[in-house]
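Observations on the model geometry
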Amino acid sequence: MHSSFSRARLTLVALLGLATLSFAQRPPAQPNAAEILHKMQKLNVLGSVLYIAAHPDDENTRLIAWLSNGKKVRTGYLSLTRGDGGQNLIGPELGDALGIIRTQELLEARRIDGGEQFFTRAVDFGYSKSAEESFEKWGKQEVLSDVVRVIRTFRPDVIITRFPTDGGGGHGHHTASAILAAEAFDLAGDPKAFPEQLQQGLEVWQPRRLFFNGSSWWRKDVAELAKTDPDWFSVDVGGYDPLLGLSYTEVAGRSRSMHKSQGFGAAETRGEMLEYLHLEKGDKPKTKDIFEGIDMTWGRVEGGKHIGPMLASLFSGFEPAHPENSIQQITQSYKAIGGLTERDDIAAEVPFDVWHWVNWSGFQLNMLAENCFGVSSEALTTQSMYSTNDSMNIHLRCLPRTSAELSLSWGQKSGGDVQVHPVGVRPLLDTTTTLLVAIPSQPFWLEKPHDFLFNVAPEVSTLPVVEPSFALACFFKVPTTAPGWSNATFVYNKWVDRVDGERIRPVYVTPVASVIPKTNVLIARGGPQQVEVEVEALTDSLSGQLNVTLPEGWATTKDLKLVSIPKRNARQSFTFQLIPMENAKGGAVKFEFSGSKGKSDRTLHEIDYPHIMPQVYYTPAKVKVIPLDVKVSATHVGYIKGAGDEVAEAIEQLGATVDVIEPSTATLESITKYDAIVVGIRAYNNNQGMKAFNPTLMEYVENGGTVVVQYTTRTSDMVLPDSLIGPYPFKLTRDRVTVEEAPPTFLAKDHPLLNTPNKITTADFDGWVQERGLYFCGSLDPHYTPLIAWNDPGEQPLNGGLIACDYGKGRYVYTGISFFRQLPAGIPGAYRLFANLISKREPCTAHCRDAGSGTA
């Protein structure tokens, strides 16, 4: 944006940076006239609220939608984590990959409800039962500093937490978020707290009030308390906005339904909806208005009282049929707001709060000018990926859909430089440009290895995403007036699908090749091993060599693996022979392509779901080789897919052939060939075919088969009551053991599943990741034998994580053990135990049954 005030000037870089807080990589849609008026009205409300919780999907979208659209205050959501440790209902992605999905789901939610999104560096390491454990893993001061940074950046008048500080929210991360919010409320205004932030350009900020968003989840009497306790406040978030054509709860339902990976589709409700807020800190409102006494007008900005009437005149004079007629007033408002940063005394320091609101309103006015001119701008390429040092040919088209005569120019950002190219007075800007790209695209928080905190620079540590190293913009202005306005755009690839119509995706920069091992884990059961590796060319005319680095005690053949791939996206396959020596040890087999165009030791992964923009990320091109003494008697296993996991691939590593079973079409005759059938996680939640197929599955067991059911959750979407899942009844619980080092107690030491074909010992439970298990079962029918008990520190043992019973000639097993995490992570003991579960049935004596009988 062309402007007279330098510090508040919105350059292309600044525009893109502000846009990332709300719109992810999806280009914002052109608002209609009513939505433009709604945006104008928000300019005259200078209040802000920050909502703080622990995970994606923890936020109260009803409250956020009401605050952002009903009260029209600037509203942000700070999620401590990106949700990396959760489960995934829509696909196989877990860990870092799931964090990418859930970050994008939050950004799509904010795009709908009007909020802005922030994070800390904290990694979601899975379910935690205490805030103390969370702080121990993260480092409390590190995450607290991030919360303080967000407060000093966003400068909220009010902070609202989702969870109580007393542990009533269940998850330790939940409790931690409330504790951190309370401490940050006090520290953000203290110059002695995290002073390095002040040296980085921030200034202290003291919010006025901290509220806890109470719920009947925590207290059944919250509605009554709000009537009698003066520290409780209620707000009706169910109002209707005629400009949006929606109630705020309808907006909230659409927003919350973006959390599809967690199965959080929500209703779009209408009518009264009360939310309850308890004052935790700050000055108490004198009325039941949570904003009482907070100046949310331009009067709060030094010298800004005249701005409010000017903006009121802007939206009162708005003509829906001719939005472009508002440009003159938008220009005048922009100049007047920019003037707040000018001082007659050049030595006078402009207050930080003035810069804060000038920059924010300048961005909003720029967007309004773009909207009122109906500017449509696109920067398109013919492909969605370019490799490093490729030339990217970009077609930039900027069309102001207005009768006004505009002077146009365009700019491009490559690296840190911005170049502007004047075009002149034109009805259309249509040009091409070429960029040389050098830096691969990747979620910024995954660029460096991490443990429990992401390793990122302070200036981006709380952002959801950062802008790419390349972008373009169209600059437009009325020739006789100033300032000019800009429309920033990322670079996209667009095409037409015969079914879905127009599709669009971001353009990503990749290495020259993707090196793709066909397995992530190799169970070496003795003798030479083979590893299949593919090289995918991500550029034309790829040539070079595929090299391997081996763990100690391994050798390979000396033949060179020469790569020659003429066309982008084509692949070439290689087989590596791994020869164990006497001292062969487990470790990583690493692969790297090296050629004249560059090197690559990474595997490219794509994430593509309809509700978010496609994403890419990378993992090291390596295979974890595990020399393991493991036996398995099952040779042919059927697998019923659940919510997405990699257990079927792990079973293949044990030497068995695995077929996928489709419950809706399978018959008893078609499944009798299997030595065992494994049911994937949450299959009884998301596979409707399981309802009709389950009796057939039980008949298969009765005839001599083995069925292993992995965890499912007791929710309203279950296709069968939990009492009917197995041959005898049990109930699903929310019990779990979160400490992955929790020692096991063998309840039925002589049971075949703990002895055949592999003798299971406590050593088999060393090195596990994230947790022991989740959603254990309880209220066991006496036919079941619980095999193992665990407990988290200070809690009673839980024995519902692995149960089994003989049924007819076969065996039924239910397990909440997190095999879906342990097997892909290459945990040796998990492979040995799972091999026992699927191996051909050995009869259990009365002694081994009685040894573990009981209820959980």
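The next point concerns the pattern of salt bridges. For the structure shown, the criterion picks out 38 salt bridges. Residue Arg62 is joined to Glu275 by a salt bridge in which the shortest nitrogen-to-oxygen separation is 2.8 Å. In this pair, Arg62 sits in helix H3 (residues 61-70) while Glu275 sits in strand E9 (residues 274-282), placing the two residues 213 residues apart along the sequence. By sharing partners, the salt bridges in this structure join Arg208, Arg209, Asp283 and Glu292 into a single network.

On to the side chain of Asp58, then. Along the chain, Asp58 turns up in the loop between strand E1 (48-53) and H3. With no salt bridge to any partner, buried Asp58 finds its closest opposite charge in Arg102, at an N-O distance of 6.4 Å. Separated by 2.7 Å, the side chain of Asp58 and the backbone nitrogen of His55 make a polar contact. In terms of polar contacts, Asp58 uses its side chain to reach the side chain of His174, at 3.5 Å. Excluding its chain neighbours within four sequence positions, the residues that come into contact with Asp58 are Ala53, Tyr77, Arg162, Phe163 and His174.

Here Ala537 shows up in strand E23 (residues 529-537). Sequence spacing of Ala537 and Ala656 is 119 residues, and the spatial spacing of their C-alpha atoms is 32 Å. Leave out the neighbours within four places in its chain, and Ala537 touches Val512, Leu542, Ile565, Lys567, Arg568, Asn569 and Ala570.

All right, on to the pairing of strand E10 (residues 375-381) then. Counting buried residues along E10, five of its seven residues qualify, which places the element largely inside the surrounding structure. Pairing analysis gives six bridges linking E10 to strand E12 (residues 391-400), with the strands arranged antiparallel. Note that in E12 the partner of Ser376 across the bridge is Leu399.

The next thing to look at is the nonpolar core. Of all hydrophobic cores here, the largest spans 88 residues; its most connected members are Ile651, Phe730, Tyr812 and Ile838. No other element matches the seven residues that helix H19 (residues 828-838) contributes to this core. For Ile651, the contacting residues outside a window of four places in its chain are Val637, Tyr639, Ala656, Val658, Val678, Phe834 and Ile838. Within the second largest apolar cluster, 49 residues are counted, among which are Ile36, Trp298, Val301 and Val375.

With 16 residues, helix H7 (residues 172-187) extends 22 Å between its outermost C-alpha atoms, agreeing within 8% with the 22 Å of an ideal straight helix rising 1.5 Å per residue. Counting buried positions along H7 gives 13 out of 16 residues, so the element sits mostly inside the fold.

Our focus in this paragraph is the confidence of the model for the protein. Across the protein, the average pLDDT comes to 91, with 93% of residues at or above 70. Here residues 1-23 is a poorly scored stretch, pLDDT under 50, and it has 79 contacts once near neighbours within four places are set aside; other chains count.

What follows deals with unusual backbone geometry. Residue Pro757 follows Thr756 across a cis peptide bond; omega there is -5°. Tracing the backbone shows Pro757 in the loop between strand E39 (745-746) and strand E40 (773-774). Positive phi outside glycine occurs at Arg155, with the angle close to 55°. Examined against the element boundaries, Arg155 turns out to sit in the loop between helix H6 (140-154) and strand E4 (158-161). With a phi angle near 50°, Tyr775 is a residue other than glycine that sits in the positive phi range.

It is worth spelling out the state of the cysteines at this point. Throughout the structure, instances matching the rule amount to one disulfide. Each disulfide pairs two cysteine sulfurs, and for Cys398 the partner residue is Cys474, the sulfurs being separated by 2.2 Å. Handedness here is read from the sign of the S-S torsion; for Cys398 and Cys474, about -70°, the answer is left-handed. Here the residue Cys398 occupies a position in strand E12, and Cys474 occupies one in strand E16 (residues 470-477), the gap between them amounting to 76 residues. There is no split in this pair, since Cys398 and Cys474 are both buried. The closest cysteine sulfur to the non-disulfide-bonded Cys372 is located on Cys398, 15 Å from its own sulfur. On the basis of relative accessible area, Cys372 is assigned to the buried category, the value being 3%.

It is worth spelling out the sheet that holds strand E25 (residues 554-555) at this point. Spatial strand order, E21-E23-E27-E25: four strands in an open sheet with antiparallel pairing. With partners counted over all chains shown, the strands left at the sheet margins are strand E21 (513-517) and E25, one partner each. Note that E23 and strand E27 (residues 571-580) share eight bridges and pair antiparallel. Within E27, the residue paired with Gln530 across the bridge is Gln577.

In this section: the packing of H3 against helix H10 (residues 248-256). In the contact formed by H3 and H10, the axes pass within 8 Å of each other and the chain directions differ by 125°. If you check the angle between H3 and H10, you find them oblique. You can see that H3 and H10 cross each other, and the crossing is right-handed. Residues Thr61, Arg62, Ala65, Trp66, Asn69 and Gly70 of H3 form the contact with H10, whose own contacting residues are Tyr248, Thr249, Val251, Ala252, Ser255 and Arg256. Taken together, the residues of the contact of H3 with H10 sort by class into five nonpolar, five polar and two charged.

Moving on: the pairing of strand E17 (residues 485-489). The buried fraction of E17 amounts to four of the five residues, a majority that puts the element mostly inside the structure. In this structure, E16 lies alongside E17, joined through five bridges in antiparallel fashion. Within the sheet, the bridge partner assigned to Phe475 lies in E17 and is Ser486.

Turning next to the sheet that holds strand E34 (residues 657-660). Read from one edge of the open sheet, seven strands run E34-E33-E35-E36-E45-E44-E42, paired in mixed fashion. The open sheet has two free edges, formed respectively by E34 and strand E42 (785-786), since each of these has just one partner strand.

Below, the discussion takes up the packing of aromatic side chains. If you walk through the whole model with that rule in mind, you get 21 aromatic pairs. Following the ring pairs from residue to residue traces out a cluster consisting of Tyr728, Phe730, Tyr784, Tyr807, Tyr812 and Tyr814. If you follow Lys137 out to its NZ or CZ, it ends over the ring of Phe125, 5.4 Å from the centre.

Time to look at the packing of helix H2 (residues 33-42) against helix H13 (residues 352-373). Contact geometry of H2 with H13 gives a least axis separation of 10 Å together with a crossing angle of 160°. Between H2 and H13, the interaxial angle falls into the category roughly antiparallel. As for how H2 packs across H13, the hand of that crossing is left-handed. In this structure, H2 uses Ile36, Lys39, Met40 and Lys42 to contact H13, whose residues at the interface are Trp360, Leu368, Asn371 and Cys372. Each residue belonging to the contact of H2 with H13 can be placed in one class, and the counts come to five nonpolar, one polar and two charged.

Criteria and cut-off values
- Throughout, residues of each chain are indexed from 1 in the direction in which the sequence is written.
- Predicted model: local features are reported for residues with pLDDT of at least 70 only, side-chain atom pairs are reported and counted for 80 or more only, and whole-chain, interface and lining totals are derived from all residues.
- Just so you know, side-chain values use all the structure's heavy atoms and leave hydrogens and water out.
- Salt bridge, as used here: a side-chain nitrogen of Lys or Arg that lies within 4 Å of a carboxyl oxygen of Asp or Glu.
- Each helix corresponds to a stretch of at least 4 residues labelled H or I by DSSP, and each strand to a stretch of at least 2 residues labelled E; elements are numbered beginning at the N terminus.
- Relative accessibility thresholds used throughout: buried, under 20% of the residue-type maximum; exposed, over 50%; partly exposed, between the two (1.4 Å probe, protein chains only).
- Charge convention: Lys and Arg are scored as positive, Asp and Glu as negative, and His as well as the terminal groups of each chain are ignored.
- What qualifies as a polar contact is a pair of N or O atoms within 3.5 Å, subject to a donor-acceptor requirement within protein and to the restriction that residues adjacent in sequence count only when both atoms come from side chains.
- Any pair of residues with heavy atoms lying within 4.5 Å of one another is described as a contacting pair.
- Note: two strands are recorded as paired if DSSP finds a minimum of 2 bridges between them.
- Note on terminology: a nonpolar core comprises buried Ala, Val, Leu, Ile, Met, Phe, Trp, Tyr and Cys residues joined through side-chain atoms within 4.5 Å.
- In this analysis, the expected span of each helix is defined as 1.5 Å times one less than the number of residues it contains.
- Confidence per residue, as judged by the predictor, is encoded in pLDDT with a range of 0 to 100.
- Criterion for a disulfide: a pair of cysteine sulfur atoms within 2.5 Å.
- Only the stretch in contact is used when fitting a helix axis, every axis being a line fitted to C-alpha atoms; angles between N-to-C directions are given from 0 to 180 degrees.
- Angles below 35 degrees are treated as roughly parallel, those above 145 as roughly antiparallel, those between 65 and 115 as roughly perpendicular, and all remaining angles as oblique.
- Crossing handedness is defined as follows: a turn of the near helix away from the far one that is anticlockwise and smaller than a right angle gives a left-handed crossing, while the clockwise case is right-handed.
- Three classes are used: nonpolar for Ala, Val, Leu, Ile, Met, Phe, Trp, Tyr, Cys and Pro, charged for Asp, Glu, Lys and Arg, and polar for all others, with Gly counted as polar.
- Geometry of aromatic contacts follows a simple scheme: Phe, Tyr and Trp rings, the Trp one being its six-membered ring, pair when their centres are within 6.5 Å, and the pair is stacked under 30 degrees between planes, edge-to-face over 60, tilted otherwise.
- Two limits define a charge over a ring: the Lys NZ or Arg CZ must be within 6 Å of the ring centre, and within 35 degrees of the ring normal.

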